[in-house]
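Observations on the three-dimensional arrangement
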Amino acid sequence: MHTHALRPHGRLLMQSGLSVLALVAPISAVLFWLSIPNGTWRPVAIAQVVLLSICGLAYLAYTRTIIRVDAEGISERGFMGLVKDFSADEIGSIVLLDLYRSGALDTQPQLFVTGTDGRLLVRMRGQYYSRGAMDTVVDQLGVPMVRVPEPMTLQDLNRVRPELLYWFERRFTRRGE
């Protein structure tokens, strides 16, 4: 039996790193340029060390994020380091759909592994994982799959299946709308 290790796209790490660098480098240069002549550069240097430490921790957390899947179940170590293990007996179904991006016309695939009680166990978002990685989960688990044929908005998904969303994505909606 072969266990598949699925990791998020590496390009996101590079894009995030370049964005942070583009924001921090000019600000740091100006702060050092203004503080070195006055001799007040130490707080700026301390702030730089703290910022680099935070960036290092974020890098480490991203590189340790992984989903392991085989016929016996699925395991996820998330960005914050929380490890969740689910056996094949706990898994009820897989929901695969395309979700519109906020304010855009293009969609991204979303895969939801749900328990036998309908609660969300593992979510794979298209901006982090490839369609091939999602197909691997479907193939390995061998549980019933629900493929939603039409793309949905976040609001539609919230109305139809709010239990699939993270708590911060849920909106309070009136039933019957």
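Below: a short report on this structure. Each chain has its residues counted from 1, following the order in which its sequence is written. Given that the model is predicted, a residue must reach a pLDDT of at least 70 before its local features are reported, and side-chain atom pairs must reach 80 or more before they are shown or counted; all residues, however, enter totals for whole chains, interfaces and linings. Side-chain measures here rest on the full set of heavy atoms in the structure, leaving out hydrogens and waters.

Points about the packing of helix α1 (residues 11-35) against helix α2 (residues 42-64)
Worth spelling out the cut-off: A fitted line through C-alpha atoms represents every axis, and for helices the fit uses only the stretch in contact; the resulting angles, taken between N-to-C directions, go from 0 to 180 degrees. Strands are runs of DSSP state E lasting at least two residues, helices are runs of H or I lasting at least four, and both sets are numbered from the N terminus onward. Orientation is classified from the angle alone, with under 35 degrees giving roughly parallel, over 145 giving roughly antiparallel, 65 to 115 giving roughly perpendicular, and any other angle giving oblique. The contact criterion used is simple: two residues touch if any of their non-hydrogen atoms lie within 4.5 Å.
At their nearest, the axes of α1 and α2 sit 11 Å apart, and the two run at 175° to each other. Classified by the angle between their axes, α1 and α2 sit roughly antiparallel to one another. Residues Leu12, Leu13, Val20, Val24, Ser28, Leu31, Phe32 and Ser35 of α1 touch α2, and the partners they reach there are Val44, Ala45, Gln48, Leu51, Cys55, Tyr59, Tyr62 and Thr63.

Digging into the nonpolar core
Put simply, the rule is: We call a set of buried residues a nonpolar core when its members are Ala, Val, Leu, Ile, Met, Phe, Trp, Tyr or Cys and they connect through side-chain atoms within 4.5 Å of each other. Relative accessible area decides the class of each residue, using a 1.4 Å probe on protein chains only: under 20% of the type maximum gives buried, over 50% gives exposed, and in between gives partly exposed.
Within the largest apolar cluster, 20 residues are counted, with the highest numbers of intra-cluster contacts made by Ile74, Ile94, Leu111, Val113, Met124, Val137 and Leu141. For this core, the elements supplying multiple residues, two or more each, are β2 (66-70), β5 (91-100), β6 (107-115), β7 (120-125) and α3 (131-141). In terms of residues, this core owes the most to one element, α3, which gives 5 residues. When sequence neighbours within four positions are dropped, the list of residues in contact with isoleucine 74 reads Ile67, Arg68, Val69, Lys84, Asp85, Phe86, Ile91, Val113, Val122, Val137 and Leu141. In this structure, Leu99, Phe112, Met152 and Leu165 belong to the second largest nonpolar core, which totals 8 residues.

Details of the sheet that holds β7
We count it as follows: Only when DSSP finds a minimum of two bridges between them are two strands counted as paired.
The strand order across the open sheet formed by 4 strands is β7-β6-β5-β8, and the pairing between neighbours is mixed. On the outer flanks of this sheet lie β7 and β8 (145-147), each paired with one strand and no other. Pairwise comparison of adjacent strand axes, ignoring direction, gives a mean angle of 15° for this sheet. Inspection of the sheet shows β5 paired to β6 by 9 bridges, in the antiparallel sense. When the bridges of β6 are listed, tyrosine 100 appears paired with threonine 107. This element, α3, spans β5, β6, β7 and β8 of the sheet and lies at about 25° to β6.

Side note on the pattern of salt bridges
How we decide: Salt bridge, as applied in this entry: a Lys or Arg side-chain nitrogen positioned within 4 Å of an Asp or Glu carboxyl oxygen.
Evaluation of the coordinates by the stated rule reveals 8 salt bridges. Among the ionic pairs, arginine 147 bridges to aspartate 98, the shortest N-O distance being 3.5 Å. Remark: aspartate 98 occurs in strand β5 and arginine 147 occurs in strand β8; sequence separation between them is 49 residues. Arginine 147 gets classed as partly exposed once you look at its relative accessible area, which sits at 36%. Judged by relative accessible area, aspartate 98 falls into the buried class, the value being 13%. Measuring nitrogen to oxygen at the nearest pair gives 3.2 Å for the salt bridge that ties arginine 119 to aspartate 117. The exposure class of aspartate 117 is exposed, given its relative accessible area of 56%.

Looking at the pairing of strand β4 (residues 83-87)
For a regular strand, side-chain orientation follows a simple rule: the groups alternate between the two sheet faces. Pairing of strand β3 (residues 73-77) with β4 involves 5 bridges; the strand directions are antiparallel. Bridge pairing links glutamate 76 to lysine 84 in β4. Hairpin connection between β3 and β4: a loop of 5 residues separates the two successive antiparallel strands, and glycine 81 in this loop has a positive phi of roughly 95°.

Looking at the sheet that holds β2
With respect to topology, 4 strands assemble into an open sheet ordered β1-β2-β3-β4, the strand pairing being antiparallel. With partners counted over all chains shown, the strands left at the sheet margins are β1 (4-6) and β4, one partner each. Shown here is a sheet whose adjacent strand axes are inclined to one another by a mean of 15°, direction ignored. Packing against the sheet, α3 makes contact with β1, β2 and β3, and its axis sits at approximately 35° to β2.

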